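As a plain string of letters, each chain reads:
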Protein chains: 2
Amino acid sequence: MVDVATLADFGLGWLEPSGPYADIVLSTRVRLARNLQGHAFSTRSREGEREEIFERVRKAAAERSSLRGGVALALKALPRLSRKVLLERHLISRELAGEGGEGPTHGSGVLLGPGELVGVLVNEEDHLRLQSLLSGLRLQEAYQLVDHLDEELGNQLPYAYHHEFGYLTSCPTNVGSGLRASILIHLPGLVLTKEIGKVLQGISQVGLTFRGLYGEGSEVVGNFFQVSNQTTLGKSEEDLIDHLQKIVRQVIQYESQARNVLMRDAPRVIEDKIWRAYGLLRYARTLSFEEVMNLLSGVRLGVSLKLLPGLSVYTLNKIMIFTQAAHLEQAAGRALSEAESDLHRAAYVRRILASEGDVSADLGAPGDGAEE
Amino acid sequence: MVDVATLADFGLGWLEPSGPYADIVLSTRVRLARNLQGHAFSTRSREGEREEIFERVRKAAAERSSLRGGVALALKALPRLSRKVLLERHLISRELAGEGGEGPTHGSGVLLGPGELVGVLVNEEDHLRLQSLLSGLRLQEAYQLVDHLDEELGNQLPYAYHHEFGYLTSCPTNVGSGLRASILIHLPGLVLTKEIGKVLQGISQVGLTFRGLYGEGSEVVGNFFQVSNQTTLGKSEEDLIDHLQKIVRQVIQYESQARNVLMRDAPRVIEDKIWRAYGLLRYARTLSFEEVMNLLSGVRLGVSLKLLPGLSVYTLNKIMIFTQAAHLEQAAGRALSEAESDLHRAAYVRRILASEGDVSADLGAPGDGAEE
């Protein structure tokens, strides 16, 4: 069982950058929206009905599915801080966390399989949101995992399905396959070369959409973009996945080209930018989350370009997660004001970077061999 | 003999911060302007006469003075880079270095005693400029050294002297005692608390003047100020020195108070500023001299406040001198463009800081004991 009091590394399997292109593509997520026949959609259902749904899903998952042996959390039973931690880990949605409203509703919960590769959100916008979250660019694998879980649960639970429209969902934009596949990608090269606008425009023109780090409506920070499919209707799941995969590969190629151009035309400027970001993260005493994200962007670029030897993508991923407000409060064991949060954030960052040792093996003079 | 090709640490004895208040007062300089009877002032004298003067001074110094066993450099014989290095070390003036003009004139030179505490510039604005340059606040000592040298040389050389005006000088502002005493002082506290304007105004009102790092007309960088007496006429040397000493002690007190206020009211902001400056110096790949000076200002404040354990004022002093353009060119063994200079500067700084080891022993979380 997960220790709900601390949550430790719960649900953070994807931080280990084992997937392809993990230095550029942080994570791949595929989710399927499903609803149960004979129940009102979550947004309209009453307490008792919602709790009945959670119980049915939990039971089906525990009996015969890849979630068996995993964890089931009823969000109402969790302290607010734990819910915020789950939210910051992208394991539950803002809606499910009950943020901004009156807390989580009855029957809302999250199930996570052993190994944390697949899970289900229950009674969010839809009765079930099956999802898979993996490191790197692994769309096919993520889809297969979630598809398999879908089959397992579908064998036990009567999904709402229309022979013409496909799976029925609370919001019409999800009707059909109910599939949304998204990848979180780091594009500093395209931002620095100012080509990002063109690329994002291209993405929109081929039926994809992009968002900031925290999904819909969130701002882009640290040059991280979420790219996902926009339409769910009239295309097979495989086609949607293949299409996204193809486009993302192209974006990765553009990003690589942009980085090559930067390193060809202005290597010193880029190196300086990267090392300054590292120096500030390593020694600052107060850091806002936004500043951390922006500095991490430079450092991640440096690691990807092999300019910061000895620093791992895993550490960068960890910093992204553990410097968020709720994570810092959990570590401190108490509520933190914004100013305190900035101090704790900086302390966390310099501790983790110091523990990686000095990354600057190279101290030669420029042009004198050591650096060339 | 000094190795003129590299100059090594020639004339840098004052970098060792052994004097009182050396963390705030970088150096004390006292100089006396003297001219020889029977010769036109340097600005009007011809080649042969100027060379004759240099020869007379050199001979007197070598025979019976505290300069005996030291070094005599005829500037015309030095390569331009070496002259610029001497200039950057504040050992010779811009005028004597021949910068901006057609190179150094005949007979211009510098004599430096063994131990480098006293020296003489020959054929600058005046025939002789006797000077002493010491670490920290040591006005009395510096004056005694230069006064002693003055007596030694005056016994052998006929100074131009008027019974009413005192020592005659090329520029009327130096007539009388011919004395200018100045201290180079670091005032980040007063700058940060915005009280510096008031303090500088006060200085002007008591017959003192302030300048930037490189003397007259130079801008203030890195919160370093040169404070010196403005008048030389109608006051005894001792009075001038005592007055300056009194005022400088007062300024040091104001600066200390300002630092106390900052550390009382905004310790986190100050610590953050200091550590960020250190982080950038430690890792930047390209640095302008002005940026180095500004970052050094923060780091020096940190060392003075004992927030950066393990980093020495000596290292900071060295960085100030050795990151100047001519010093970098000398170390590189070739001319450097401005962009190259910025790269070499950054390489020098991070090498010297790395050699001091990691200064951040403290990695505790804020508010959890380790930092309080």
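Residues numbered from 1 in each chain as written. Chains lettered and ligands numbered in written order. Predicted model: local features only at pLDDT ≥ 70, side-chain atom pairs only at ≥ 80, totals over all residues. Heavy atoms only, no water.

Some thoughts on the sheet that holds strand 10 (residues 224-229) of chain B
Whether parallel or antiparallel, the strands of a sheet pair through hydrogen bonds between backbone atoms. Residue and element names in this part refer to chain B. The test is simple: Should DSSP find at least two bridges between two strands, the strands are regarded as paired. The numbering of helices and of strands both runs from the N terminus, where a helix is a DSSP run of H or I of at least 4 residues and a strand a run of E of at least 2. The axes are straight lines fitted to the C-alpha atoms, using for helices just the contacting stretch, and the angles between their N-to-C directions are given from 0 to 180°. In this description, contact between two residues means that some pair of their heavy atoms is separated by no more than 4.5 Å.
The antiparallel open sheet is built from 8 strands, whose spatial order is 2-3-4-5-1-8-10-9. Strands with a single pairing partner mark the edges of an open sheet, and in this sheet they are strand 2 (71-74) and strand 9 (208-211). In this sheet, adjacent strand axes meet at a mean angle of 20 degrees when their direction is disregarded. Helix-sheet contacts for helix 4 (residues 139-154) involve strand 1 (25-34), strand 4 (118-122), strand 5 (128-135) and strand 8 (179-186), and the interaxial angle to strand 5 is about 150 degrees.

Brief notes about the side chain of A:D150
Residue and element names in this part refer to chain A. The criterion, for reference: Partly exposed describes any residue whose relative accessible area lies between the buried limit of under 20% and the exposed limit of over 50%, with all areas from a 1.4 Å probe on protein chains only and scaled to the type maximum.
By secondary structure assignment, the location of D150 is in helix 4 (residues 139-154). Classification of D150 as buried rests on a relative accessible area of 7%. The contacts of D150, once residues within four sequence positions are left out, are L32, R34, L130, Y159 and Y167.

Re the packing of aromatic side chains
Selection rule: Pairing of aromatic side chains here covers Phe, Tyr and the six-membered ring of Trp, requires ring centres within 6.5 Å, and sorts the geometry by plane angle: under 30 degrees stacked, over 60 edge-to-face, intermediate tilted. Placement of a positive charge over a ring is assigned whenever Lys NZ or Arg CZ falls within 6 Å of the ring centre and within 35 degrees of the normal to the ring plane.
Inspection of the entire model under this criterion finds 15 aromatic pairs over all chains. Seen from their ring centres, A:W275 and B:Y283 are 5.7 Å apart, and the 10 degrees between their planes marks the pair as stacked. Placement of A:W275 in helix 8 (residues 267-283) and of B:Y283 in helix 8 (residues 267-283) is noted, with the two residues assigned to different chains. Overall, the relative accessible area of 4% leaves A:W275 in the buried class. Aromatic side chains A:F322 and A:Y348 sit 6.1 Å apart centroid to centroid with 25 degrees between the ring planes, which places their arrangement in the stacked category. Residue A:F322 is located in helix 10 (residues 313-322), and its partner A:Y348 is located in helix 12 (residues 338-355); the two are separated by 26 residues in the primary sequence. Each member of the pair, A:F322 as well as A:Y348, is classed as buried. Here the aromatic cluster, defined as three or more aromatic residues joined through ring pairs, consists of A:W275, A:Y278, A:Y283, B:W275, B:Y278 and B:Y283. The positively charged end of A:R34 is found above the aromatic ring belonging to A:Y159, 5.8 Å away from the centroid.

Digging into the sheet that holds strand 5 (residues 128-135) of chain A
Residue and element names in this part refer to chain A. Strand order in the open sheet formed by 8 strands is 2-3-4-5-1-8-10-9, with antiparallel pairing between adjacent strands. Looking at which strands have only one partner, the edges of the open sheet turn out to be strand 2 (71-74) and strand 9 (208-211). Strand-to-strand twist across the sheet, computed as the mean angle between neighbouring axes with direction ignored, equals 20 degrees. Note: strand 2 against strand 3 (residues 109-112), 4 bridges, orientation antiparallel. Across the sheet, the residue bridging to A74 is G109, located in strand 3. Along the sheet face, helix 7 (residues 237-265) touches strand 1 (25-34), strand 8 (179-186), strand 9 and strand 10 (224-229) and points at about 10 degrees away from the line of strand 8.

Here we look at unusual backbone geometry
A negative phi angle characterises most non-glycine residues, just as the trans form characterises most peptide bonds. Residue and element names in this part refer to chain B. One non-glycine residue, Y21, adopts positive backbone phi at about 55 degrees. For Y21, the location among the structural elements is in the segment before strand 1. Given a relative accessible area of 35%, Y21 falls into the partly exposed group. Despite not being glycine, H90 has its phi angle at roughly 65 degrees, a positive value. Relative to the helices and strands, H90 is located in the loop between helix 2 (80-88) and helix 3 (94-97). By relative accessible area, which is 16% here, H90 ends up buried.

A word on the pattern of salt bridges
Spelled out, the test is: Note on definitions: salt bridges are taken to be side-chain nitrogens of Lys or Arg within 4 Å of carboxyl oxygens of Asp or Glu.
Counted under the stated rule, the structure contains 26 salt bridges over all chains. Note that B:R34 and B:D150 form a salt bridge whose closest N and O atoms lie 3.0 Å from each other. With B:R34 in strand 1 and B:D150 in helix 4, this pair connects stretches of sequence that are 116 residues apart. The two residues B:R34 and B:D150 agree in class, both being buried. The salt bridge involving B:R334 is made with B:E340; its shortest N-O contact spans 3.2 Å. Judged by its relative accessible area of 37%, B:R334 falls in the partly exposed class. Each member of the salt-bridge network shares a partner with another, and the members are A:E124, A:E125, A:D126 and A:R129.

As for the confidence of the model for chain A
Detailed reading of the predicted coordinates is not advisable wherever pLDDT is low. Residue and element names in this part refer to chain A. The condition is simple: Looking at any residue, its pLDDT shows the predictor's confidence there, from 0 to 100.
Here chain A averages 87 in pLDDT, while 91% of its residues score no lower than 70. Model confidence for chain A, summarised as mean pLDDT per element, is weakest for helix 3 (residues 94-97) at 83 and strongest for helix 8 at 96. Predicted confidence for residues 367-372 stays below pLDDT 50, and this span has 13 contacts to residues more than four positions away or in other chains. What the predictor reports for the complex is a pTM of 0.88 with an ipTM of 0.86.

As for the nonpolar core
Let me state the cut-off plainly: In this description, a nonpolar core means a group of buried Ala, Val, Leu, Ile, Met, Phe, Trp, Tyr and Cys residues linked to one another through side-chain atoms lying within 4.5 Å.
If you look at the biggest cluster of nonpolar residues, it comprises 86 residues, and the most contacted ones within it are A:L281, A:V299, B:L281 and B:V299. Where this core is concerned, the elements lending two or more residues are helix 8, helix 9 (289-304), helix 10 and helix 12 of chain A together with helix 8, helix 9 (289-304), helix 10 (313-322) and helix 12 (338-355) of chain B. Discounting residues that sit within four places of it in the chain, A:L281 has contacts with A:L287, A:V292, A:L295, A:L296, A:V299, A:V349, A:R350 and A:L353.

Comments concerning the domain arrangement of chain A
Residue and element names in this part refer to chain A. The test is simple: Domain segmentation is taken from an automatic or database assignment of domains. We define buried area as the total accessible area lost by two parts upon association, computed with a 1.4 Å probe and summed across both. Nitrogen and oxygen atoms within 3.5 Å of one another constitute a polar contact, given that in protein one can donate a hydrogen and the other can accept it, and given that sequence-neighbouring residues count only through two side-chain atoms. Any residue outside Ala, Val, Leu, Ile, Met, Phe, Trp, Tyr, Cys, Pro, Asp, Glu, Lys and Arg is labelled polar, Gly included; the first ten of those are nonpolar and the last four are charged.
When the domains of chain A are assigned, the result is domain 1 (4-259) and domain 2 (267-362). Inter-centroid distance (C-alpha atoms) of domain 1 to domain 2 is 27 Å. Taken together, the contact pairs 30 residues of domain 1 with 24 residues of domain 2. It is L15, L81 and E88 that lose the most area in domain 1 upon contact with domain 2, and together they represent 24% of the buried surface on that side. The interface formed by domain 1 and domain 2 includes 0 salt bridges. Linking domain 1 with domain 2 are 13 residue pairs in polar contact (both at pLDDT 80 or more). Among the elements that line the side of domain 1 that touches domain 2, the one with the most residues is helix 2 (residues 80-88), at 4 residues. Considered class by class, the residues forming the side of domain 1 that touches domain 2 number 18 nonpolar, 5 polar and 7 charged.

Thoughts on the pairing of strand 8 of chain A
Residues and elements named next belong to chain A. Taken across its 8 residues, strand 8 has 8 buried, putting it largely inside the fold. Burial of strand 8 is two-sided: the residues L179, A181, I183 and I185 facing one way and the residues R180, S182, L184 and H186 facing the other way are all buried. As defined by bridge partners, strand 1 adjoins strand 8 across 7 bridges and the pair is classed as antiparallel. Each bridged residue has a counterpart across the sheet, and for R31 the counterpart in strand 8 is R180. Sheet topology note: the strand 8/strand 10 ladder contains 5 bridges and is antiparallel. Note that in strand 10 the partner of I183 across the bridge is V227.

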